[in-house]
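# A look at the structure
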Amino acid sequence: MSNETEKWLHEEDKGCFLQRAERLKWLISKAPFEQIWIFPGGFLGKQLFEEARYCFVYGQLLASAILGFAFVERTLAAMFYGAGRNDLQRATSEVLFREGHTAGWLTAQELEAFDKARRLRNPLVHFRKPLHKDSPEFRAVSDERHPYEVVEDDAKHILGVMFRLVQRNAVG
């Protein structure tokens, strides 16, 4: 590695260390206390979980939100598959959430939180016209906030939902 590359990385690390530490502290506060975390979505589910957390700590908030939601969808589909519900392998998140509530895996409050996560994720992955009412940019302008703050709050909500599923499958 060149000296210039190492210098750039060192400066980058110094410049955002405190923000990373704060985001890591938040993540730790959301993690289940149980010692064993089970990932019904297998290796890919675990990777989605790990990469969502890593991206969050390093401030890649859009990636974190998208990966966190992908974890939620994959995990719920895997849980249903493991319970013999082969009909939900390719179900939409709305169907998975509704069925999760019907099965008693999600409370009414969790169902709303999961659906809010879906509504926050959708404008990130599906095109919306500029300043569409669901977009983070519109919400930032409406709330007189920086778009980065809005996206960070959205990522926190989605990761909070992700951790609720991890909690459901944790033991010990």
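Residues numbered from 1 in each chain as written. Predicted model: local features only at pLDDT ≥ 70, side-chain atom pairs only at ≥ 80, totals over all residues. Heavy atoms only, no water.

Right, let's talk about the layout of surface pockets for a bit. Reported here for the largest pocket is a volume of approximately 260 Å³. Every residue lining the largest pocket is counted, 20 residues in all, and those nearest its centre are Leu 62, Leu 124, Pro 136, Glu 137 and Val 151. Listed by contribution, the elements that provide at least two residues to the lining of the largest pocket are α3 (61–82), α5 (108–125), α6 (136–143) and α7 (147–168). Of the residues contributing to the lining of the largest pocket, the split by class is twelve nonpolar, five polar and three charged. Size it by volume and the second largest pocket reaches roughly 160 Å³. Of all the elements in the fold, those that place two or more residues in the lining of the second largest pocket are α5 and α7. Here the lining of the second largest pocket is built from residues that sort into one nonpolar, one polar and seven charged. (1 Å grid on protein atoms, 1.4 Å probe; cavity = no way out; pocket = protein on both sides within 12 Å on 5 of 7 lines; lining within 4 Å. Points joined across faces, edges and corners; volume = space filled by probe spheres on them. Helix = DSSP H or I, 4+ residues; strand = E, 2+ residues; numbered from the N terminus. Nonpolar A, V, L, I, M, F, W, Y, C, P; charged D, E, K, R; others polar.)

Attention now goes to a nonpolar patch on the surface. A cluster of nonpolar side chains, Ile 36, Ile 38 and Val 171, forms an exposed patch at the surface whose accessible area comes to about 240 Å². Within the element layout of this structure, Ile 38 appears in the loop between β1 (36–37) and α2 (42–57). (Patch = residues over 30% accessible without salt bridge, like charges linked within 9 Å, V, L, I, M, F, W, Y side chains within 5 Å. Areas by Shrake-Rupley, 256 points an atom, 1.4 Å probe, with all protein chains shown as cover. Salt bridge = Lys/Arg side-chain N within 4 Å of Asp/Glu carboxyl O.)

This part covers unusual backbone geometry. Even without glycine at this site, Leu 131 takes up a positive phi of about 60 degrees. Here Leu 131 falls in the exposed class, since its relative accessible area comes to 51%. (Buried < 20%, exposed > 50% of the residue type's maximum accessible area, 1.4 Å probe, protein only.)

Among all positions in α6, only Pro 136, Arg 139 and Ala 140 are buried. When α6 is viewed along its axis, its buried side chains cluster within an angular range of 105 degrees and face the same direction. Along its buried surface, α6 packs onto α5 and α7. Positive backbone phi, at 55 degrees, marks Glu 144, one or two positions downstream of α6. (Arc of directions from axis to C-beta. Contact = heavy atoms within 4.5 Å.)

Locating Val 161 in the fold gives a position in helix α7. Residue classification places Val 161 among the buried residues on the basis of a relative accessible area of 2%. Once the C-alpha coordinates of Val 161 and Asn 122 are considered, the two residues, 39 residues apart in sequence, prove to be 15 Å apart. Among all residues touching Val 161, those that are not within four sequence positions of it are Val 72, Ala 113, Phe 114 and Ala 117.

Let's shift gears to the state of the cysteines. What the rule picks out here adds up to zero disulfides. Free of any disulfide, Cys 55 has its nearest cysteine sulfur in Cys 16, 13 Å distant. According to the relative accessible area criterion, Cys 55 is buried, its value standing at 16%. (Disulfide = S-S within 2.5 Å.)

Looking now at the packing of α2 against α7. For the pair α2 and α7, the least separation of the axes is 11 Å and the interaxial angle reads 150 degrees. Between α2 and α7, the interaxial angle falls into the category roughly antiparallel. As for the relative orientation of α2 and α7, their crossing is left-handed in sense. Contacts between α2 and α7 involve Phe 49, Ala 52, Arg 53 and Phe 56 from the first element and Glu 152, Ala 155, Lys 156, Leu 159, Met 162, Phe 163 and Val 166 from the second. Residue composition of the contact of α2 with α7, grouped by class: eight nonpolar, no polar and three charged. (Axes fitted to C-alpha atoms, helices over the stretch in contact; angles between N-to-C directions. Parallel < 35°, antiparallel > 145°, perpendicular 65-115°, else oblique. Left-handed = near helix turned anticlockwise from the far one by under 90°.)

Counting 37 residues, the largest nonpolar core has Phe 71, Val 72, Leu 76, Phe 114 and Met 162 as its most contacted members. When residues of this core are traced back to their parent elements, those giving at least two are α1 (3–30), α2, α3, α4 (93–102), α5 and α7. Sorting elements by how many residues they give to this core places α3 first, with ten residues. Apart from the residues lying within four places of it in its own chain, the contact partners of Met 162 are Phe 49, Ala 52, Arg 53, Gly 68, Phe 71 and Val 72. (Core = buried A, V, L, I, M, F, W, Y, C linked by side-chain atoms within 4.5 Å.)

Shape is all these values report; function is a separate question.
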